[in-house]
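Coordinate inspection notes
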Amino acid sequence: MLEISTQKDVMQAAGVIVLRPVRRCALLPRLSQANRQLSVSTGATTTDVPVVTPLPAKSSLKMRAWQLHCYGDIDELQFTDKLKLPQIRNSHECLVRVRATTVNPIDLAMLRGYGSTLLSMLRCRPGEDIEFPMTLGREFCGELVQKGMGVDNAELQLGTRVWGVVPVSQTSGAHADFVVVPASCLAPAPVELDDSEAASVLYAGLTAWSGLYLTGGLGGVCGATTTSGGGANKRVLVLGGSGGVGTLAIQILKSQGVQVLATCSEDAVEMVRCLGADHVVDYYNPVAMEELCNYAPYDIVLDCAGQGGQHAGDLKYDFRQYITFSSPLLANIDKQGLGLGALKNVSDLLQTNVKAAQRGGLVKWGYFYPAAHGIKFLQRLVERRKLMPLIDSTFEFGALPKAYERLKGGHLRGKTVVKL
Ligand SMILES: NC(=O)c1ccc[n+]([C@@H]2O[C@H](COP(=O)([O-])OP(=O)(O)OC[C@H]3O[C@@H](n4cnc5c(N)ncnc54)[C@H](OP(=O)(O)O)[C@@H]3O)[C@@H](O)[C@H]2O)c1
């Protein structure tokens with residue numbers, strides 16, 4: 001369990017910009033009476049998909065958003081307050097009014113064109129072969145305001161406070177007042193978290209969960225296909241225990257009875273210990289890094305530090321699996337196109353594995369995956385108070401480019417939140 005005051009003190013002592021430190025939250029019901037009593041009416045949008053909505057059927061509402069009209073740097077982000085609301089085009093989609101969102105490394109990378117070759121093929125809907133303007137933002141907390149008639153999940157009532165993720169195949173992300181996502185990417189937000197906290201869990205949390213349970217098979221078949229988790233008594237080394245993914249990975253693992261070791265910078269060691277890691281090592285300290293050999297072999301080495309698969313071959317300690325979230329998959333396709341890029345991916349993966357296999361290990365690439373049962377798994381951990389996001393810094397919506405600057409500056413200690 002997190003000790004809030006300790007974390008706060010440690011982070012402040014470390015000089016980290018802490019605007020919203022982790023805290024042990026009280027059970028505060030956050031849904032307003034008005035939301036709960038929101039009347040439900042049916043209507044049709046301009047796309048003729050039947051929807052359940054409290055919004056005017058033909059909405060003339062305009063919204064604010066940060067848009068990208070071409071790839072580049074942070075100064076390419078353009079603010080508008082005259083954008084039409086995104087529309088539900090599929091009966092299984094929902095429209096959400098965003099209250100809080102975050103900026104992830106993927107947003108900064110996509111801003112620069114990362115993954116554009118493959119993602120633009122996935123993003124463009126039939127008849128729409130343009131990828132711009134694009135709105136970034138992969139996760140949010142907000143209020144469900146409209147839903148397609150195919151959304152039969154009883155938990156998703158209009159007015160429900162929800163948390164969710166935006167698949168990378170969408171051009172319209174959560175850096176806007178409203179976002180449309182498939183109902184499977186949404187769930188009621190846990191009351192244990194405020195809006196900023198709830199917006200900070202799912203993208204990094206589903207990345208950690210997917211890496212451990214889908215890619216790493218930590219909980220066997222049940223762990224991958226249900227909400228059961230698992231992995232008790234296994235030993236996992238988390239590289240980069242101080243960032244968005246690492247801080248959540250440590251808490252997920254500890255909640256499942258896994259023995260956790262972690263690396264981070266010296267200033268974050270105490271903070272990462274407070275998250276529950278059994279042994280924490282400053283990766284700048286070669287003597288301390290040598291100590292990691294004493295705990296080997298690791299069932300999983302989870303790379304949340306952007307090291308990549310090549311790094312696995314240089315490790316001094318043995319491991320059964322090395323799972324990195326920094327694969328060259330999309331970058332190879334960007335550079336060489338779909339065909340040659342795919343071949344390069346196979347060759348890269350084989351190459352890293354040849355080196356690792358000599359020591360009995362396997363290198364794998366892990367990815368964010370928006371599985372509904374992954375969301376449920378994370379939700380249960382939050383409800384049991386086993387999982388709390390760490391918030392590095394918070395920005396107002398009008399200052400969203402500053403949030404990108406914060407991310408670009410590196411050395412994050414948790415998530416960069418943007419409040420609407
Ligand atoms: N494949 C996917 O679907 C996916 C999804 C999410 C994230 N990712 C990737 O996963 C990585 C982690 O994401 P994130 O959101 O957690 O990023 P983040 O918040 O920037 O965290 C990275 C953390 O690692 C620390 N770090 C940097 N170099 C390190 C090293 N050599 N050893 C140990 N710690 C180190 C950083 O702090 P210091 O620099 O101060 O040490 C920072 O706290 C990123 O590379 C991201 O692009 C991939």
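Remember, predicted model here, so these are calculated numbers, not experimental data. (Residues numbered from 1 in each chain as written. Predicted model: local features only at pLDDT ≥ 70, side-chain atom pairs only at ≥ 80, totals over all residues.)

1. Some thoughts on the overall build of the chain
- When its secondary structure is counted, the chain shows 13 helices and 17 strands.
- The burial tally for the chain puts 48% of its 420 residues in the buried class.
- The long-range fraction of contacts in the chain, counting pairs at least 24 apart against all pairs at least 6 apart in sequence, stands at 69%. (Helix = DSSP H or I, 4+ residues; strand = E, 2+ residues; numbered from the N terminus. Buried ≥ 20, exposed ≤ 12 C-beta atoms within 10 Å, placed from the backbone. Contact = placed C-beta atoms within 7 Å.)

2. Description of the environment of Lys-419
- Tracing the backbone through its elements, the reader meets Lys-419 in strand β17 (residues 415-419).
- In this structure Lys-419 comes out as partly exposed when scored by C-beta crowding, with 17 C-beta atoms within 10 Å.
- Along the sequence, Lys-419 and Ala-399 sit 20 residues apart, while their C-alpha atoms lie 9.7 Å from each other.

3. So, the site of the ligand
- In the neighbourhood of the ligand, 26 residues make up the surrounding shell, with Gly-240, Gly-243, Gly-244, Gly-306 and His-411 lying closest.
- Those elements that provide at least two residues to the shell around the ligand are α3 (105-111), α6 (202-215), α8 (244-255) and β11 (259-264).
- Here the shell around the ligand takes three residues from α8, the largest share from any one element.
- Grouping the amino acids of the shell around the ligand by side-chain chemistry returns 13 nonpolar, 13 polar and no charged. (Near = placed C-beta within 6 Å. Nonpolar A, V, L, I, M, F, W, Y, C, P; charged D, E, K, R; others polar.)

4. Comments concerning the sheet that holds strand β15 (residues 362-365)
- Taken in spatial order, the six strands of this open sheet run β12-β11-β10-β13-β14-β15, and their pairing is parallel. Two strands in the sheet have a free side with no partner beyond their single neighbour: β12 (279-282) and β15. The mean angle between the axes of side-by-side strands here comes to 20 degrees, regardless of whether they run parallel or antiparallel.
- In this sheet, strand β14 (residues 319-324) lies alongside strand β13 (residues 298-303) in parallel orientation, the contact comprising five bridges. In the strand pairing of β14, Asp-303 is matched with Thr-324.
- The strands that α6 touches are β13, β14 and β15; relative to β13, the one it contacts most, it runs at about 145 degrees.
- Contacts from α8 reach β10 (235-239), β11 and β13 within the one sheet, and its direction differs from that of β11 by about 165 degrees. (Pairing = 2+ DSSP bridges. Axes fitted to C-alpha atoms, helices over the stretch in contact; angles between N-to-C directions.)

5. Observations regarding the confidence of the model for the chain
- With 85% of its residues at a pLDDT of at least 70, the chain reaches an overall mean of 87.
- In the predicted structure, residues 1-47 sits below a pLDDT of 50 and forms 80 contacts with residues beyond four places in sequence or in another chain. (pLDDT = per-residue confidence, 0-100.)

6. With respect to the nonpolar core
- Among the nonpolar cores identified, the biggest contains 103 residues, and Val-96, Val-238, Ala-249, Val-272 and Leu-302 are the most heavily contacted of them.
- Per-element tally for this core: the top contributor is α6, with eight residues.
- Mapping this core onto the domain boundaries places at least three of its residues in each of domain 1 (4-200 + 389-419) and domain 2 (203-365).
- Contacts of Val-272, omitting those with residues within four sequence positions, involve Gly-241, Ser-242, Ile-250, Ala-262, Cys-264, Ala-277 and Val-280.
- Leu-68, Met-110, Met-134 and Leu-136 belong to the second-largest nonpolar core, a separate cluster that totals five residues. (Core = buried A, V, L, I, M, F, W, Y, C linked by C-beta atoms within 7 Å. Domains from an automatic or database assignment.)

7. Thoughts on the packing of α6 against helix α12 (residues 372-383)
- Relative orientation of the contacting elements α6 and α12 amounts to 105 degrees, with a least axis distance of 10 Å. The angle between α6 and α12 falls in the class roughly perpendicular. On α12, the residues that touch Leu-202, Gly-205, Leu-206, Trp-209 and Ser-210 of α6 are Gly-374, Ile-375, Phe-377 and Leu-378.
- Residue composition of the contact of α6 with α12, grouped by class: six nonpolar, three polar and no charged. (Parallel < 35°, antiparallel > 145°, perpendicular 65-115°, else oblique.)

8. What to know about α12
- Counted at 1.5 Å a residue, the expected span for α12 with its twelve residues is 16 Å, and the 16 Å between its end C-alpha atoms agrees.
- For α12, the secondary structure elements touched by its buried residues are β9 (186-188), α6 and α8. (Expected span 1.5 Å × (residues − 1).)

9. Structural notes on the pairing of strand β6 (residues 139-148)
- Of all ten residues in β6, ten are buried, a share of seventy percent or more.
- Note that strand β5 (residues 93-103) and β6 share seven bridges and pair antiparallel. In the strand pairing of β6, Cys-94 is matched with Lys-147.
- One ladder, built from five bridges, connects β6 with strand β7 (residues 161-165); its direction is antiparallel. For Cys-141, the partnering residue across the bridge sits in β7 and is Trp-163.

10. Some thoughts on the environment of Lys-234
- Relative to the elements of secondary structure, Lys-234 occurs in the loop between α7 (220-225) and β10.
- Note on Lys-234: 20 C-beta atoms within 10 Å, which makes it buried.
- Considered as a pair, Lys-234 and Gln-256 are 22 residues apart in the sequence and their alpha carbons are 9.5 Å apart.
- Non-local contacts of Lys-234, meaning those with residues more than four positions away in its chain, are made with Leu-218, Val-258 and Asp-299.

11. What to know about the environment of Asp-107
- Structurally, Asp-107 can be placed in helix α3.
- Sequence separation between Asp-107 and Gly-173 is 66 residues, and the spatial gap between their C-alpha atoms is 9.9 Å.
- If sequence neighbours within four positions are ignored, Asp-107 has contacts with Leu-136, Gly-137 and Arg-138.

12. Thoughts on unusual backbone geometry
- The residue after Phe-132, namely Pro-133, is reached through a cis peptide bond having omega -5 degrees.
- Relative to the elements of secondary structure, Pro-133 occurs in the loop between α4 (116-123) and β6.
- Between Ala-296 and Pro-297 the backbone carries a cis peptide bond, its omega angle lying at 5 degrees.
- Topologically, Pro-297 is positioned in the loop between α10 (286-291) and β13.
- The backbone phi angle of Asn-233 is positive, close to 70 degrees, even though this residue is not glycine.
- Positive phi, close to 60 degrees, is recorded for Arg-385, a residue that is not glycine.
- Along the chain, Arg-385 falls in the loop between α12 and β16 (391-396).

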